[in-house]
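Chain by chain, the residues:
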Amino acid sequence: MGAILMVAFALMMALGVPIAISLGFGTVIAILATGKYPVLAAVHRMISGVDSYILLAIPFFILAGQLMNTGGITKKIFRFASALVGHIPGGLGHANIVASIIFSGMSGSAVADAGGLGQVEMEAMTDEGYDADFSAAVTAASATIGPIIPPSIPMVVYGAAAEVSIGALFLGGFFPGLLLGLACMALVYVMSVKRGYPKKDRLDWKEIWVSFKESFLSLLTPVIIIGGILGGIFTPTEAAVIAAVYSFILGFIVYREITVKDLMQMLVNTVVATSTVVLIIGGAASFSWVVAMEGVPQKVASFLLSITSNPYVIILLLNIVFLILGMFMESLSVLLITVPFLMPLITQLGLDPVHLGVVLVLNLMIGLSTPPVGMSLFVCAKIANVKLERLYKAMIPFLVPLIAVLLIVSYFPDTVLLLPRLFLK
């Protein structure tokens, strides 16, 4: 039955059927073809798969990202980042990355970062004389940080699928996210010196203070989210609700950047995005149930361990596979489909599921910015009005620091596990 399920799923995907429908109907086709399980059991699994308290965090983090992604708020954040690092060669390139690090604590989405804050960043860079393809490449690379530094929608999905602490995953992504930012900034520095990109004359403490005061309330968002979780004040799901409410107060009442019409459109966007995720989760739940009942994960684990039992080699293979999957498939779909296969392997190798979760999400986010079909590249190319071919070429140097950080995080687990061990004993 496992083979019929895989063939049905692969065939529907090849025909261009949306992945949520491919998962659900592939499962139903396999059940009907074999008669081994009742169809109602698959339907029940779909419903129970989305009936999760943890998953309630997803729509609220999406809404919080929408609310914070207004022009005024993103400009305040970018202005503050520019004041901090604008004096370094390639100043606005560094400001782009620093702003993405800050904004990642609010949106939890790479594409949201590239499409919202990225628009402000690319416009400012091109106005200052930076090449449009370079500006778009910096934005696409820095957008990978979004779902690594908490909060992170992919980590919520992984945590729900692998039954791993969301709080531990959030904390685990903090250092890798900072490493990504520093590595990209190092490359921006080298390229900016070589190309003669502009910078500010000096560090202006007055400008830093003024821009900090302007953006202070926005900067509090990640502090509230992480501080509340660490302090035991609220759960990650409750943190998502708090983030959405706080973002609404900032955008609608304090800054008055959001109109009622804007709010209604944001709510519609949130419902559409959440519905897509829920459909995928439901289809993946029934798919994973049949896969588990047929013992496929154990068979996959046994097959891989028959090739090698070296955990370093296994991690390398997983990195390669997930980088490729991240280039061609939506990240949440990949996690929901693959995590059930991986759990027996993780257990047998003694790998930490929190460490592996951060590594897998990092792979998928790099895949979003990897030619030829990374989603972030399409978004940045459209906003910057750059041909994809030019952006592909400009993006290649940035893959070096991104993959270097991936390897560091993969083979030095303490980069992920240090904070969870300190705060979640």
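Residues numbered from 1 in each chain as written. Predicted model: local features only at pLDDT ≥ 70, side-chain atom pairs only at ≥ 80, totals over all residues. Heavy atoms only, no water.

Visitor: Would you take a moment to explain the environment of Gly227 for this structure?
Guide: By the element assignment, Gly227 lies in helix H13 (residues 205-230). Along the sequence, Gly227 and Ala239 sit 12 residues apart, while their C-alpha atoms lie 9.6 Å from each other. (Helix = DSSP H or I, 4+ residues; strand = E, 2+ residues; numbered from the N terminus.)

Visitor: When you look at the packing of aromatic side chains in this model, what are you seeing that I'm missing?
Guide: Each pair of aromatic rings is reported with the distance of its centres and the angle of its planes. Taken as a whole and assessed by the stated rule, the structure comprises 13 aromatic pairs. An angle of 65 degrees between the planes, with centres 6.2 Å apart, marks the rings of Phe61 and Phe170 as edge-to-face. Of this pair, Phe61 sits in helix H4 (residues 57-68) while Phe170 sits in helix H11 (residues 166-172), and the two are 109 residues apart along the sequence. With respect to class, Phe61 is no different from Phe170; both count as buried. Taken together, the ring pairs connect Phe80, Trp209, Phe212 and Phe216 into an aromatic cluster. The ring of Tyr255 carries Lys76 above its face, with NZ or CZ at 4.5 Å from the centroid. (Phe/Tyr/Trp six-rings, centres within 6.5 Å; stacked < 30°, edge-to-face > 60°. Buried < 20%, exposed > 50% of the residue type's maximum accessible area, 1.4 Å probe, protein only. Lys NZ or Arg CZ within 6 Å of the ring centre and 35° of its normal.)

Visitor: Would you mind showing me how to read a nonpolar patch on the surface here?
Guide: Together, Tyr53, Ile54, Leu56, Phe60, Phe216, Leu217, Val241, Val245, Ile249, Ile253 and Val254 line one region of the surface with nonpolar side chains, adding up to about 850 Å² of accessible area. Of all elements in the fold, only H13 and helix H14 (236-254) reach the threshold of two or more residues within the nonpolar patch. Counting residues per element, the nonpolar patch draws most heavily on H14, at five residues. Inspection of the secondary structure puts Val241 in helix H14. (Patch = residues over 30% accessible without salt bridge, like charges linked within 9 Å, V, L, I, M, F, W, Y side chains within 5 Å. Areas by Shrake-Rupley, 256 points an atom, 1.4 Å probe, with all protein chains shown as cover. Salt bridge = Lys/Arg side-chain N within 4 Å of Asp/Glu carboxyl O.)

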